[in-house]
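Descriptive structure summary
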Amino acid sequence: MQEDIIRVEDYYNPEIFSEIKEFSDSKETPFVVIDRRIINDHYSDLVENFPFAKIYYAIKANPGNEILSLLRDRGANFDVASIYELDKVLNLGVSPERCSYGNTIKKRKDIRYFYEKGIRLYVSDSEADLRNIAQEAPGSKVYVRLLTEGSHTADWPLSRKFGCQTDMAVNLMVLAKELGLIPYGVSFHVGSQQRDIGAWDAAIDKVKAIFDWLRDECDIKLKMINMGGGFPANYLTRTNDLATYAKEITHYLKDDFGDDMPEIILEPGRSLCSNAGVLVSEVVLISRKTTTSLHRWVYTDVGMFSGLIETLGEAIKYPIYTERSGEREECVIAGPTCDSADIMYEDHKYGLPNSLEIGDRLYWFSTGAYTTSYSAVEFNGFPPLKQYVIG
Ligand SMILES: *Cc1c(COP(=O)(O)O)cnc(C)c1O
């Protein structure tokens with residue numbers, strides 16, 4: 001169980017971590033602390049590694065105002081999924097030209113709302129939606145979302161539900177033109193926390209085929225590729241760093257498009273925010289199910305319904321840090337609610353120190369994305385997961 005020993009320095013600059021810890025010591029658990037300096041660094045990293053790309057932040061990863069305003073000040077654009085997210089960013093002074101409506105599933109009246117607020121860039125993956133866009137957001141730019149494979153190598157797949165096959169994508173772009181819209185480009189999302197860089201290669205090849213077909217057969221010149229998110233964060237399962245992703249993906253783009261490179265959009269969520277967050281929790285109870293049981297159950301004051309839903313199917317394995325040390329024993333880790341689905345890790349048994357006691361704090365690393373935004377409102381009366389922002 002050596003691999004379960006989580007060391008701070010593998011995940012955070014130790015000085016920053018001690019600031020986070022100091023800040024958190026006086027606060028009642030559970031909560032997430034976000035350090036904006038880390039998001040800022042990740043943003044710089046992204047811009048340096050993809051100098052040719054426009055960044056559209058996927059707000060759902062972490063919609064905290066302090067995070068949105070940081071990214072606003074850094075010049076980011078925003079991938080908006082609902083009228084509520086739209087109001088949020090517009091209220092922070094982001095201009096509508098910096099927003100896209102990136103959800104393929106939208107009510108007609110919400111399209112109208114976006115259009116009235118000035119948004120002119122829309123995604124679609126179906127005829128019915130495209131016709132709604134043509135009516136409610138006339139003359140806008142539309143890009144079509146492709147179905148992608150490779151879900152088995154993404155820890156949190158976004159396949160099946162979104163996008164359409166190549167033939168449909170071509171037809172939709174042709175129809176967009178007929179309906180008076182501007183057929184603008186193609187998007188895909190290879191799946192969140194995508195560990196296989198080759199997934200981008202396959203998707204870019206498909207995009208290239210669509211670009212060529214539309215140019216040669218339909219006299220439509222697309223201008224943009226939206227490569228979505230999928231870039232990784234540091235969890236228990238390690239991945240390549242962003243520079244490696246960028247190098248490979250740039251190479252795939254050059255291979256297919258050469259000097260005729262379209263406008264490139266990226267929509268990062270997880271890779272910007274995850275590593276900036278530490279979720280601080282407390283051990284509520286430790287027990288065994290039989291007197292001879294070889295493993296303990298550790299119940300914490302945070303669970304599936306208070307921010308850790310991405311542990312569903314044990315998909316995302318967060319590094320869990322404790323200040324206790326010494327001999328370790330395999331543990332099942334579960335949340336505090338009266339629902340038996342509220343078990344985070346049972347197959348993968350984390351090794352936690354035998355010296356761990358009720359009342360000790362557990363620090364869940366890399367929890368800056370998809371935690372607070374996923375937290376339930378009032379299950380068993382527990383309030384939504386709190387977020388503090390420092391830095
Ligand atoms: C969720 C989402 C993203 C962000 O994906 P990450 O893997 O978190 O970077 C980007 N684009 C779209 C359309 C999404 O739905």
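These numbers come from a predicted model, not from an experiment.

1. Looking at helix H9 (residues 242-257)
Compared with an ideal rise of 1.5 Å per residue, which puts 16 residues at 22 Å, H9 spans 22 Å between its outermost C-alpha atoms and is within 8% of the ideal. Taken as a whole, H9 has its buried residues at Leu242, Tyr245, Ala246, Ile249, Thr250, Tyr252, Leu253, Asp256 and Phe257. With its buried residues spanning 160° around the axis, H9 presents them on a single face. Across from the buried face of H9, at angles greater than 90 degrees, the exposed residues are Lys247 and Asp255. Along its buried surface, H9 packs onto helix H2 (36-49), strand S9 (192-194), helix H8 (198-218), strand S10 (224-226) and strand S11 (263-266).

2. Re the packing of aromatic side chains
Across all of its chains, the model carries 26 aromatic pairs by this definition. Pairing Tyr12 with Phe365 gives two aromatic rings, centres 4.9 Å apart and planes at 90°, and the pair type is edge-to-face. In this pair, Tyr12 is assigned in the segment before helix H1 (14-25) and Phe365 in strand S17 (residues 361-365), connecting sequence segments 353 residues apart. For the residue pair Tyr12 and Phe365, the accessibility class agrees, reading buried in each case. A centroid spacing of 6.0 Å and a plane angle of 40° characterise the contact between Tyr370 and Tyr374, whose relative ring orientation is tilted. Given the relative accessible area of 7%, Tyr370 is considered buried.

3. Side note on the site of the ligand
In the vicinity of the ligand lie 14 residues, with Lys60, His189, Ser192, Glu267 and Tyr370 positioned nearest. Contact distances for the ligand include 2.6 Å between a nitrogen atom and a side-chain N or O atom of Glu267. Contact between the ligand and Arg270: an oxygen atom at 2.9 Å from a main-chain N or O atom of the residue. Protein chains shield 93% of the accessible area of the ligand, which is 390 Å² for the free molecule. Most atoms of the ligand, that is more than half of them, are within 2 Å of grid points of the largest pocket.

4. A word on the pairing of S11
Strand direction decides the pairing type here: strand S2 (residues 53-58) and S11, joined by 3 bridges, are parallel. Each bridged residue has a counterpart across the sheet, and for Ile55 the counterpart in S11 is Leu266. Bridging between S10 and S11 involves 3 bridges; their strand directions are parallel. The partner of Ile225 across the bridge, within S11, is Ile264. At this point the chain moves from S10, through H9, to the parallel S11, and the crossover so formed is right-handed.

5. Here we look at the layout of surface pockets
Here the largest pocket defines a volume of roughly 650 Å³. In this structure, the largest pocket is lined by 40 residues; those nearest its centre are Lys60, Ala81, Gly102, Asn103 and Phe162. If you list the elements that add at least two residues to the lining of the largest pocket, you get helix H4 (83-91), strand S6 (141-145) and helix H10 (270-273). Per element, the largest residue contribution to the lining of the largest pocket is 3 residues, and it comes from H4. Per-class residue counts for the lining of the largest pocket are 17 nonpolar, 13 polar and 10 charged. Of the volumes computed, that of the second largest pocket is approximately 400 Å³. Sorting the residues of the lining of the second largest pocket by element identifies H2 and H10 as the ones contributing at least two each. Here the lining of the second largest pocket spans two domains, and each of domain 1 (8-32 + 274-390) and domain 2 (36-273) adds at least three residues to it.

6. Focus: a negative patch on the surface
The grouping of Asp41, Asp45, Glu48 and Asp241 at the surface amounts to a negative patch. Mapped onto the fold, Glu48 is located in helix H2.

7. Comments concerning the domain arrangement of the chain
One frequent convention defines the size of an interface as the accessible area lost when the parts assemble. Here the chain is partitioned into domain 1 (8-32 + 274-390) and domain 2 (36-273). At the interface, 29 residues of domain 1 touch 24 residues of domain 2. Counting the surface lost from both domain 1 and domain 2, the interface buries some 2,300 Å², and carbon and sulfur atoms represent 54% of this. Applying the counting rule to domain 1 against domain 2 returns 2 salt bridges.

Each value, and the rule that gives it
- Here the residue numbering is sequential within each chain, running from 1 through the sequence in written order.
- Local features in a predicted model are, by the rule used here, given only for residues with pLDDT of at least 70; side-chain atom pairs are given and counted only at 80 or more, and totals for whole chains, interfaces and linings are based on all residues.
- Note that the side-chain values use all heavy atoms of the structure and ignore hydrogens as well as water.
- For helices the rule is a DSSP run of H or I covering at least 4 residues; for strands it is a run of E covering at least 2, with both sets numbered from the N terminus onward.
- A helix is expected to span 1.5 Å for every residue after the first.
- Each residue's exposure class comes from its accessible area (1.4 Å probe, protein chains only) as a fraction of the maximum for that residue type: buried when under 20%, exposed when over 50%, partly exposed otherwise.
- Comment: arc refers to directions from the helix axis out to C-beta atoms.
- Only heavy atoms enter the contact rule, under which two residues are in contact if any of them lie within 4.5 Å.
- For Phe, Tyr and Trp, where Trp contributes only its six-membered ring, two rings pair if their centres lie within 6.5 Å, and the inter-plane angle classes them as stacked under 30 degrees, edge-to-face over 60, or tilted in between.
- Think of it this way: one heavy atom of a residue within 4 Å of a molecule or strand is enough to make that residue near it.
- Counting of polar contacts relies on pairs of N or O atoms within 3.5 Å, with two restrictions inside protein: one atom must be capable of donating a hydrogen and the other of accepting it, and residues adjacent in sequence are counted only when both atoms are side-chain atoms.
- For the area figures, the Shrake-Rupley method with a 1.4 Å probe applies, and any residue is considered shielded solely by the protein chains shown.
- Buried and open spaces are told apart on a 1 Å grid over the protein atoms alone, a cavity being a set of points where a 1.4 Å probe fits but cannot get out and a pocket being an open set with protein on both sides within 12 Å along at least five of seven lines. Residues with an atom within 4 Å of a point are the lining residues.
- A cavity or pocket is said to hold a molecule if more than half of that molecule's atoms lie within 2 Å of its grid points.
- By definition, two strands form a pair when at least two bridges between them are found by DSSP.
- When the strands point away from the viewer and the path from the first strand over the helix to the second turns clockwise, the crossover is right-handed.
- Grid points are joined across faces, edges and corners, and a volume is the space filled by probe spheres set on the points.
- Under the convention adopted here, Pro, Cys and the residues Ala, Val, Leu, Ile, Met, Phe, Trp and Tyr are nonpolar, Asp, Glu, Lys and Arg are charged, and Gly plus all remaining residues are polar.
- Here the limits of each domain have been adopted from an automatic or database domain assignment.
- For patch building, the residue pool is restricted to those with more than 30% relative accessible area and no salt bridge; the joining distance is 9 Å between like charges and 5 Å between nonpolar side chains (Val, Leu, Ile, Met, Phe, Trp, Tyr).
- The salt bridge criterion pairs a side-chain nitrogen of Lys or Arg with a carboxyl oxygen of Asp or Glu, the two atoms within 4 Å.
- Positive: Lys, Arg. Negative: Asp, Glu. His and the chain ends are not part of the count.
- Note that the charge is assigned to NZ on lysines, CZ on arginines, CG on aspartates and CD on glutamates.
- As a working definition, buried area equals the accessible area (1.4 Å probe) given up by two parts on being put together, with both sides summed.

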